[in-house]
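Listed here are the chains, written in short residue letters.
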There are 4 protein chains.
Amino acid sequence: MFDAHKQDAGKASFETFERIESEVRSYARSFPAVFTSAKGSRIFDQSGRSYVDFLSGCSTLNYGHNHPKMKQALVDYLMQDGVAHTMDMYSVAKAQFLEAFDKHILRPRGMDYRLQFPGPTGANAVEAAIKLARKVTGRTNVIAFTNGFHGCTLGALSLTGNGHHRGGAGVELTGVTRMPYDKYFGDGVDTAEQIEKMLEDASGGVDAPAAIILETIQGEGGLNAASAKWLQKIEKIARDNGALLIVDDIQAGCGRSGSFFSFEEMGIKPDIVTMAKSLSGMGLPMALVLLKPELDEWKPGEHNGTFRGNCHAFITARVAIEEFWANDDFEDELKLKAKKIRTRLESFVKTFPDHINRVKGRGVMLGIEVANPEMTSEIVKASFERGLIIETAGPDDEVVKLLTPLNIADEDLEAGLNILGDALQAVYTDASLQAAE
Amino acid sequence: MFDAHKQDAGKASFETFERIESEVRSYARSFPAVFTSAKGSRIFDQSGRSYVDFLSGCSTLNYGHNHPKMKQALVDYLMQDGVAHTMDMYSVAKAQFLEAFDKHILRPRGMDYRLQFPGPTGANAVEAAIKLARKVTGRTNVIAFTNGFHGCTLGALSLTGNGHHRGGAGVELTGVTRMPYDKYFGDGVDTAEQIEKMLEDASGGVDAPAAIILETIQGEGGLNAASAKWLQKIEKIARDNGALLIVDDIQAGCGRSGSFFSFEEMGIKPDIVTMAKSLSGMGLPMALVLLKPELDEWKPGEHNGTFRGNCHAFITARVAIEEFWANDDFEDELKLKAKKIRTRLESFVKTFPDHINRVKGRGVMLGIEVANPEMTSEIVKASFERGLIIETAGPDDEVVKLLTPLNIADEDLEAGLNILGDALQAVYTDASLQAAE
Amino acid sequence: MFDAHKQDAGKASFETFERIESEVRSYARSFPAVFTSAKGSRIFDQSGRSYVDFLSGCSTLNYGHNHPKMKQALVDYLMQDGVAHTMDMYSVAKAQFLEAFDKHILRPRGMDYRLQFPGPTGANAVEAAIKLARKVTGRTNVIAFTNGFHGCTLGALSLTGNGHHRGGAGVELTGVTRMPYDKYFGDGVDTAEQIEKMLEDASGGVDAPAAIILETIQGEGGLNAASAKWLQKIEKIARDNGALLIVDDIQAGCGRSGSFFSFEEMGIKPDIVTMAKSLSGMGLPMALVLLKPELDEWKPGEHNGTFRGNCHAFITARVAIEEFWANDDFEDELKLKAKKIRTRLESFVKTFPDHINRVKGRGVMLGIEVANPEMTSEIVKASFERGLIIETAGPDDEVVKLLTPLNIADEDLEAGLNILGDALQAVYTDASLQAAE
Amino acid sequence: MFDAHKQDAGKASFETFERIESEVRSYARSFPAVFTSAKGSRIFDQSGRSYVDFLSGCSTLNYGHNHPKMKQALVDYLMQDGVAHTMDMYSVAKAQFLEAFDKHILRPRGMDYRLQFPGPTGANAVEAAIKLARKVTGRTNVIAFTNGFHGCTLGALSLTGNGHHRGGAGVELTGVTRMPYDKYFGDGVDTAEQIEKMLEDASGGVDAPAAIILETIQGEGGLNAASAKWLQKIEKIARDNGALLIVDDIQAGCGRSGSFFSFEEMGIKPDIVTMAKSLSGMGLPMALVLLKPELDEWKPGEHNGTFRGNCHAFITARVAIEEFWANDDFEDELKLKAKKIRTRLESFVKTFPDHINRVKGRGVMLGIEVANPEMTSEIVKASFERGLIIETAGPDDEVVKLLTPLNIADEDLEAGLNILGDALQAVYTDASLQAAE
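Residues numbered from 1 in each chain as written. Chains lettered and ligands numbered in written order. Predicted model: local features only at pLDDT ≥ 70, side-chain atom pairs only at ≥ 80, totals over all residues. Heavy atoms only, no water.

Asks: How should the sheet that holds strand S17 (residues 391-393) of chain D be read in this particular structure?
Replies: As a general point, the strands of a sheet are linked pairwise by backbone hydrogen bonds and lie either parallel or antiparallel. Residue and element names in this part refer to chain D. Strands sit in the order S14-S15-S18-S17 across an open sheet of four strands; the sheet is antiparallel. Each having just a single partner strand, strand S14 (356-362) and S17 make up the two edges of the open sheet. Direction aside, the axes of adjacent strands within the sheet are offset by 30 degrees on average. Taken together, the six bridges between S14 and strand S15 (residues 365-370) define a ladder with antiparallel strand orientation. Bridge pairing in S15 links Val-359 to Ile-368. Packed onto the sheet, helix H12 (residues 329-351) meets S14, S15 and strand S18 (399-402) and runs at close to 165 degrees relative to S14. (Pairing = 2+ DSSP bridges. Helix = DSSP H or I, 4+ residues; strand = E, 2+ residues; numbered from the N terminus. Axes fitted to C-alpha atoms, helices over the stretch in contact; angles between N-to-C directions. Contact = heavy atoms within 4.5 Å.)

Structural data, given as structure tokens:
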């Protein structure tokens with residue numbers, strides 16, 4: 001029987017993974033440890049060492065690891081033989097989630113969406129969203145953006161800008177037109193205006209789009225945060241051209257931006273929203289497509305999947321909503337948290353003006369862009385050695401990205417930021433010394 | 001807090017689902033009840049009524065609902081704050097699963113595969129498999145079969161024969177050549193020979209394939225079971241033409257065919273195997289791609305996904321392997337179970353010779369093909385009313401498919417078969433009476 | 001000024017072509033001579049040597065080279081400054097062609113088609129045909145056949161079975177399903193029945209077709225002649241499935257099959273017919289799409305092209321129709337010609353039973369299939385050395401194909417067949433001797 | 001027998017075309033007359049009326065209609081039974097063309113290209129060019145531009161920006177990325193820089209291109225003339241990214257730009273050049289692909305076509321080269337001609353400042369952009385009524401385009417420009433009067 005606290009340190013060796021698991025594994029290479037347990041902002045390896053977690057499963061653990069109330073609800077459910085797997089049959093667990101989502105998320109925000117449970121991954125939610133958009137509009141073309149990331153299944157991959165991932169397709173990725181994101185060509189160029197011109201030109205060569213899909217803050221793409229003005233213009237372009245607006249809120253949603261949805265404060269009303277990652281609250285696979293009721297042209301079972309009724313996730317997701325989103329307290333707390341992190345990151349920019357360009361991001365989705373992208377792996381390594389798990393983002397991995405649990409305790413936040421500061425100091429002093437030699 | 005046994009019968013109403021959930025829901029329409037808990041072969045609705053489960057989550061619950069040992073292991077893991085979500089970082093839970101799979105599944109069968117954890121759905125495993133095949137061979141075309149079903153994300157959907165699902169794509173599904181499955185044109189036509197001719201003809205118009213992907217028993221396609229001879233010929237065709245052989249064992253694997261892999265007794269050695277559904281043992285999302293070591297050309301992170309490190313599933317999956325596959329007992333039991341079911345189904349054919357054509361399938365994946373497909377929804381309905389959950393398959397839903405838990409207790413099996421017999425009696429007597437009028 | 005008869009034999013050297021022209025040239029490699037003039041069934045090289053022409057520009061010169069009446073009409077037109085190039089404006093030359101085609105071709109056959117002039121190549125006619133079929137039906141998929149050849153532009157190429165040509169595409173060829181042609185799997189297998197089954201199976205995985213396109217006799221594919229019964233069944237399948245039937249009559253049309261259209265005697269009524277090659281009568285570029293009036297949904301200019309109003313070709317095409325198709329004499333003559341050629345080819349089969357399998361083809365589109373495809377290039381070479389131009393066909397170039405001018409004089413036909421007989425004798429005696437050594 | 005000068009005026013009626021020809025005809029609708037003969041810059045209808053031809057077959061008749069030397073050479077060739085159709089066999093006619101092109105076009109310009117004869121249409125040349133680029137680079141993506149026009153066969157159409165034409169495809173047009181042409185977003189935006197950024201960004205989402213294809217002056221797109229600086233930057237981007245640069249010189253080549261190739265004075269050296277239209281000199285179908293010798297990876301016959309050896313066109317094409325391009329006289333004359341036209345067009349701008357925005361184009365490829373696109377069809381109509389054939393261009397048909405024969409006699413040029421002036425006067429005075437009412 002598993003006993004996290006009594007693991008023989010030598011039991012699980014790297015050799016097991018290297019021998020049996022595919023070379024495709026990647027985070028394991030940055031964080032060479034075998035992890036056992038985790039609680040809140042801390043994760044433990046089998047030697048008992050603890051790490052502050054500024055990765056949070058790429059924004060999947062916004063409420064930290066093993067939140068006690070979610071954990072307890074799941075244990076209770078298990079002990080009562082709550083049904084775990086239901087395809088898309090009705091279950092009490094799903095009903096309770098639906099009602100909680102409706103009551104605490106949609107209604108207070110004046111939103112009217114139907115909920116579709118696709119397969120329990122973000123990529124699957126994106127696949128369902130573009131399928132629906134194409135089906136409803138009878139068009140094929142979907143406009144996606146530079147540096148956008150939407151997943152690795154074929155439909156999602158066709159929307160993804162990243163060449164490393166696209167290269168894995170082995171087949172032509174069709175049906176998508178890539179356009180420049182906000183400020184992609186610098187502050188002086190209004191890319192929305194350019195998109196508008198190409199779409200309205202009868203010989204612009206861009207087929208009438210079924211949808212425009214975007215992240216309001218590009219997570220994998222390097223923490224590019226679109227302005228409200230640009231988003232509103234894109235929404236207008238979509239409406240004017242008969243296209244649906246899809247917001248992929250998989251990474252930036254569930255509070256990461258400072259509000260539940262990343263688009264709430266941006267003045268736009270997407271037709272479809274995709275969600276996943278932190279939805280279940282404790283890292284269990286779950287995904288969701290929100291669609292305006294009038295778009296619900298799905299035939300029964302037209303987009304299906306075995307695990308779309310993951311009741312364990314419904315249980316913890318409901319607890320997450322009730323615990324964090326039943327009133328405004330958590331959102332208020334997020335603003336303070338965001339400010340604290342940003343202030344500290346700006347101090348890093350000041351300390352290393354030659355090495356760190358600027359703070360990027362929005363809400364509690366922040367990071368620093370460094371001058372020399374080759375240094376970020378050094379920073380990640382130096383941080384890990386000091387007990388911090390943190391990752392990079394951007395086309396050249398030029399951004400060190402902080403995705404702390406949103407409810408991280410002040411002392412853990414402080415500890416993590418201190419480690420990051422130390423790591424920067426070590427890397428850049430070292431670099432400066434080498435350069436000086 | 002959730003209390004499965006104390007649900008107020010009126011609490012979760014159909015109205016909740018009809019108001020908030022998308023029209024895409026489908027099983028819920030066949031089985032109009034709100035389920036709460038489940039144990040072994042039985043599932044309970046909120047009114048306390050119990051149903052024998054011959055659906056088993058479409059072969060996701062091969063060991064029944066909430067198997068006590070799996071459940072206990074998961075509760076223990078939770079109570080110790082075992083890490084739930086790890087992306088693809090190393091965890092003790094994963095190490096233990098890897099070693100168990102290697103020790104009890106691969107090594108006793110003399111198999112040498114690397115394990116890749118894609119996103120935790122079958123579709124994602126299929127997506128990864130064809131990506132890899134295209135990448136490794138530098139070719140695009142994948143040969144798939146009539147009545148094949150491989151999932152609903154775009155890459156998997158392109159392989160899927162079902163027109164209802166394909167119609168949802170809204171975009172051209174490319175890169176796939178559809179070929180006739182074994183006995184598709186009747187017993188007298190060797191479709192493998194036809195495929196061979198088309199591939200070897202310089203003007204056959206079928207581009208050199210990256211892979212041939214097949215299910216050895218087509219689950220959704222209507223329980224078509226390929227012969228060993230045909231499978232061996234297809235394997236040879238793949239080898240002769242430089243293509244990889246991919247077996248999609250998502251529905252037929254994990255014991256459903258009578259052995260762990262559905263292809264074990266067929267005399268073939270696939271290059272890639274996709275698994276999901278019953279892998280985790282109790283319905284938790286988990287998927288796996290097995291690939292021959294020499295094919296492991298993935299670059300780190302080239303195919304990734306947030307939930308590919310679902311540790312809860314690793315825990316229960318390990319228990320499933322240790323409990324059922326550490327020795328031959330379970331396989332022996334499966335043979336008896338299969339025989340018992342087949343015998344009873346054949347008795348139905350004899351009883352209703354005008355209405356039921358024949359028994360279809362292999363192993364514990366069996367069903368009856370009826371003469372008039374329009375009757376199967378009646379049979380499903382009549383079964384449900386009598387306390388049995390069972391579904392249909394085949395292009396015209398002409399097959400009533402039995403996917404009982406593999407470890408179903410004899411009394412539940414008997415009860416379920418009796419209900420099915422009663423339902424057939426009711427439907428066909430009724431039909432005969434109407435016809436006689 | 002050009003003087004065909006006074007060419008300095010040394011003037012045009014192979015070196016010119018080898019230095020300046022692309023490696024893509026191909027017939028030039030089989031027939032190493034520089035040609036100057038041609039008349040009837042004879043073509044002359046710059047050394048004054050004459051060759052019997054059994055190639056006829058791949059059925060482009062059905063009435064022989066420089067037919068005196070066509071030539072004279074064109075010279076007259078030129079001398080009067082008849083407009084040569086008109087885009088798609090109205091010209092007297094086009095009006096006269098239209099009326100002649102209507103009067104002598106369509107009306108006597110009880111056919112009702114609109115004429116579209118695409119760009120003046122067969123490929124362009126095929127491109128227009130499938131565009132129209134897709135546009136009219138709103139579907140994408142087109143069914144084409146093994147060993148079909150329809151051209152080298154991207155749309156036409158996607159329909160073409162030949163791997164050598166497809167390999168040049170450099171891009172995935174989509175939107176086409178390849179099916180087995182009549183007798184592709186031998187006499188015992190009804191491939192039309194197989195196609196029907198796949199189309200009618202809801203999980204057959206073949207998307208509803210916009211069109212079925214076929215040649216009634218596959219020229220490049222090796223002189224495979226479909227039976228009337230098969231063609232009628234394919235027509236019925238098209239109708240039953242809401243697809244258009246397109247006959248590509250580019251090579252087999254204009255009398256080659258024994259009647260003007262190759263499908264006349266087959267009992268089918270295609271919705272669209274593509275024509276080119278011998279349409280202009282003396283080798284000038286011209287192509288035509290015939291479409292049923294109710295399909296004429298083209299918007300003005302929707303499919304255009306610079307050279308679709310090639311008036312020189314209209315002039316000679318009109319003469320060809322008036323000269324050969326104003327009454328039945330020519331068709332009667334074709335039957336005799338066909339019989340004569342077939343008889344002689346059958347004598348070859350008898351003479352070389354170990355080397356020549358059988359006579360293939362229909363009408364005046366005949367050839368011999370040899371046992372060892374590697375010998376056909378020897379036969380072509382030995383023929384050329386003896387003064388005969390003849391080519392091969394079939395996926396492995398296993399067929400020696402005779403495309404004589406349809407109006408070839410008896411003495412030229414005799415001469416050509418004698419040369420072919422001598423060449424066979426030389427090649428197979430030689431081969432037998434070598435084998436005997 | 002045809003007698004252009006003795007046509008019975010009533011003989012060819014519109015009814016013939018309306019009854020028999022497809023609705024796809026388009027120029028015929030703008031120029032409602034039945035044409036018989038043509039000479040130089042004049043074209044005659046069957047009533048004997050003559051029109052000044054400012055359309056020139058969309059730049060296909062750069063040397064006017066029925067140039068006496070070309071006509072005579074063709075008549076001589078015909079009278080000597082010169083071979084008309086040779087597939088890609090060697091002919092004296094082709095040899096003489098090759099040597100003339102090499103001697104008078106390539107060598108004086110220090111250019112080293114191999115010549116490929118694709119099917120005799122511009123679209124076919126474009127198809128061959130992109131096939132070759134994809135084949136040589138092993139990549140799929142081709143970058144094309146807003147407002148580019150490259151033809152209507154599927155491969156060429158995928159490169160074409162025009163939505164009207166693209167809409168006819170009925171199938172997804174893949175493998176192409178559309179980018180903004182020079183000054184597409186106005187003078188202040190350097191679109192080449194934007195393209196460079198998207199290509200160099202690892203997450204820009206634009207797959208590595210096989211080629212960049214462009215017209216240096218966009219004919220159908222509205223006479224947009226790219227600057228030398230932009231073209232040079234695009235060439236550099238192509239080189240830096242391993243892509244081939246293809247110049248489509250079908251409309252702007254053969255002297256239209258003021259030099260033989262439109263790119264000669266732009267400081268770029270394309271890897272591949274496509275030509276057609278005026279190549280044959282008198283409107284006969286002929287096309288050409290020029291490719292750098294090191295790119296000549298074609299296998300024999302890999303891209304073929306029945307009419308790629310149109311000897312009539314070779315004869316007239318050789319005469320055209322010898323007559324116009326053997327020395328610099330013609331190019332000098334073009335500069336004067338261009339100046340004369342531009343001056344007159346600028347006077348129109350001054351005369352109608354509210355109605356005509358500006359003169360567009362380069363060389364002898366000029367036009368006027370009007371303020372209200374709806375007026376251009378009026379201008380075309382008013383011109384035709386007064387004896388001038390002229391067409392429109394641009395996404396909204398907002399440009400009146402002048403494509404006079406390059407060797408147009410001064411009096412015809414004057415006459416045509418006067419008619420255009422009168423037509424403008426009539427249309428805009430009329431419009432002003434109406435507006436004033």
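Asks: Can you walk me through the relation of the copies chain B and chain A in this structure?
Replies: One copy of the chain maps onto the other through a rotation about an axis followed by a shift along the same axis. The two copies are related by a screw motion: chain B maps onto chain A through a turn of 180 degrees and a shift of 0.0 Å along the axis, at an RMSD of 0.0 Å. Such a combination of turn and shift is consistent with a two-fold rotation axis. Both copies share a contact surface, since 100% of the interface residues of chain B are interface residues in chain A too. (Least-squares fit on C-alpha atoms with pLDDT ≥ 70 in both.)

Asks: Looking at this model, I keep getting lost on the relation of the copies chain C and chain D. Mind explaining?
Replies: With an RMSD of 0.0 Å, the fit of chain C onto chain D corresponds to turning through 180 degrees and sliding 0.0 Å along the axis. Interface residue correspondence from chain C to chain D reaches 100%, placing this contact among same-surface, isologous pairings.

Asks: It is not clear to me how the pairing of strand S12 (residues 272-275) of chain C should be interpreted in this structure. Could you clarify?
Replies: Across a regular strand the side chains alternate sides, sitting on one face of the sheet and then on the other. Residues and elements named next belong to chain C. The alternating pattern of S12 places Ile-272 and Thr-274 on one face and Val-273 and Met-275 on the opposite face, and all of these are buried. Bridging between strand S11 (residues 244-248) and S12 involves three bridges; their strand directions are parallel. Paired with Ile-246 across the two strands is Ile-272, which belongs to S12. (Buried < 20%, exposed > 50% of the residue type's maximum accessible area, 1.4 Å probe, protein only.)

Asks: Mind showing me how you'd approach the packing of helix H4 (residues 68-79) of chain C against helix H4 (residues 68-79) of chain D here?
Replies: Each packed pair of helices is defined by two parameters, the angle between the axes and the distance between the axes. Packing of H4 of chain C against H4 of chain D leaves a shortest axis separation of 10 Å and a crossing angle of 160 degrees. Regarding the angle of H4 of chain C to H4 of chain D, the classification is roughly antiparallel. In the packing of H4 of chain C onto H4 of chain D, the handedness of the crossing is left-handed. Residue-level inspection shows Lys-71, Leu-74, Val-75, Leu-78 and Met-79 of chain C of H4 of chain C in contact with H4 of chain D, the latter providing Lys-71, Leu-74, Val-75, Leu-78 and Met-79 of chain D. Split by residue class, the contact of H4 of chain C with H4 of chain D holds eight nonpolar, no polar and two charged. (Parallel < 35°, antiparallel > 145°, perpendicular 65-115°, else oblique. Left-handed = near helix turned anticlockwise from the far one by under 90°. Nonpolar A, V, L, I, M, F, W, Y, C, P; charged D, E, K, R; others polar.)

Asks: Help me understand the interface of chain C and chain D in this model?
Replies: Interface size is commonly expressed as the accessible area that is lost once the parts come together. Taken together, the contacts link 112 residues of chain C with 113 residues of chain D. Carbon and sulfur atoms make up 62% of the surface buried where chain C meets chain D, a total of about 10,400 Å² over both sides. At the junction of chain C and chain D, the tally comes to 10 salt bridges. Where chain C touches chain D, the interface holds 52 residue pairs in polar contact (both at pLDDT 80 or more). Within the side of chain C that touches chain D, the residues separate by chemical class into 50 nonpolar, 35 polar and 27 charged. (Buried area = accessible area lost by both parts, 1.4 Å probe. Salt bridge = Lys/Arg side-chain N within 4 Å of Asp/Glu carboxyl O. Polar contact = N/O pair within 3.5 Å; in protein donor to acceptor, adjacent residues only side chain to side chain.)

Asks: I'm lost on the interface of chain B and chain A in this one. Help?
Replies: On the chain A side, the residues contacting the 112 residues of chain B number 113 residues. Here chain B packs against chain A, burying approximately 10,500 Å² in sum over the two surfaces, 62% of which is carbon and sulfur. Here chain B is connected to chain A by 11 salt bridges. Ionic pairing is found between Asp-81 of chain B and Lys-71 of chain A, a salt bridge with its closest N-O pair at 2.9 Å. Joining chain B to chain A, the criterion identifies 52 residue pairs in polar contact (both at pLDDT 80 or more). Sheet topology places strand S4 (residues 90-91) of chain A next to strand S1 (residues 34-39) of chain B; two bridges connect them, and they run parallel. By the bridge assignment, Ser-91 of chain A is partnered in S1 of chain B with Phe-35 of chain B.

Asks: Honestly, unusual backbone geometry in this entry has me stumped. Any pointers?
Replies: What you tend to see is this: most non-glycine residues have negative phi, and most peptide bonds are trans. Residue and element names in this part refer to chain C. Positive phi is not limited to glycine here, since Asn-147 has a value of about 65 degrees. Positive phi, normally seen in glycine, also occurs at Asp-397, with a value near 55 degrees. Here Asp-397 is to be found in the loop between strand S17 (391-393) and strand S18 (399-402).

Asks: Please clarify how the pattern of salt bridges should be interpreted in this entry.
Replies: Between side chains of opposite charge, pairing is possible as soon as their charged atoms come close. For the structure on display, the rule yields 134 salt bridges over all chains. Note that Glu-220 of chain D is salt-bridged to Lys-401 of chain D, the shortest N-O span being 3.3 Å. Linking Glu-220 of chain D in the loop between strand S9 (217-218) and strand S10 (224-225) with Lys-401 of chain D in strand S18, this pair joins segments that are 181 residues apart in sequence. One network of salt bridges, in which partners are shared, links Glu-15 and Arg-19 of chain A together with Glu-99, Asp-102 and Arg-107 of chain B.

Asks: Mind showing me how you'd approach the domain arrangement of chain A here?
Replies: Residue and element names in this part refer to chain A. When the domains of chain A are assigned, the result is domain 1 (14-60 + 329-436) and domain 2 (70-324). On a C-alpha basis, the centres of domain 1 and domain 2 stand 26 Å from each other. Contact between domain 1 and domain 2 buries roughly 2,300 Å² in total, counting both sides, with carbon and sulfur atoms accounting for 50%. Looking only at domain 1, the three residues that lose the most surface to domain 2 are Thr-60, Arg-362 and Met-365, adding up to 34% of its buried area. Its salt-bridge partner being Glu-265, residue Lys-335 comes within 4.0 Å of it at the nearest N-O pair. Looking at the side of domain 1 that touches domain 2, the elements that each hand over two or more residues are helix H3 (56-59), helix H12 (329-351), strand S14 (356-362), strand S15 (365-370), strand S17 (391-393) and strand S18 (399-402). (Domains from an automatic or database assignment.)

Asks: Explain the environment of Ser-259 of chain D to me, please; I cannot follow it from the model alone.
Replies: Residues and elements named next belong to chain D. In this fold, Ser-259 is placed in the loop between strand S11 (244-248) and strand S12 (272-275). If sequence neighbours within four positions are ignored, Ser-259 has contacts with Glu-264, Glu-265, Trp-325 and Glu-331. A polar contact is formed between the side chain of Ser-259 and the backbone oxygen of Phe-261, at a distance of 2.7 Å.

Asks: Looking at this structure, I do not really get the environment of Ile-379 of chain A. What am I missing?
Replies: All names here are of chain A. Its place among the elements puts Ile-379 in helix H13 (residues 376-385). A relative accessible area of 0% means that Ile-379 is categorised as buried. Sequence separation of Ile-379 and Leu-154 is 225 residues, and the distance between their C-alpha atoms is 33 Å. Those residues in contact with Ile-379 that lie beyond four places of it in its chain are Val-370, Val-400, Leu-420, Ala-423, Leu-424, Val-427 and Tyr-428.

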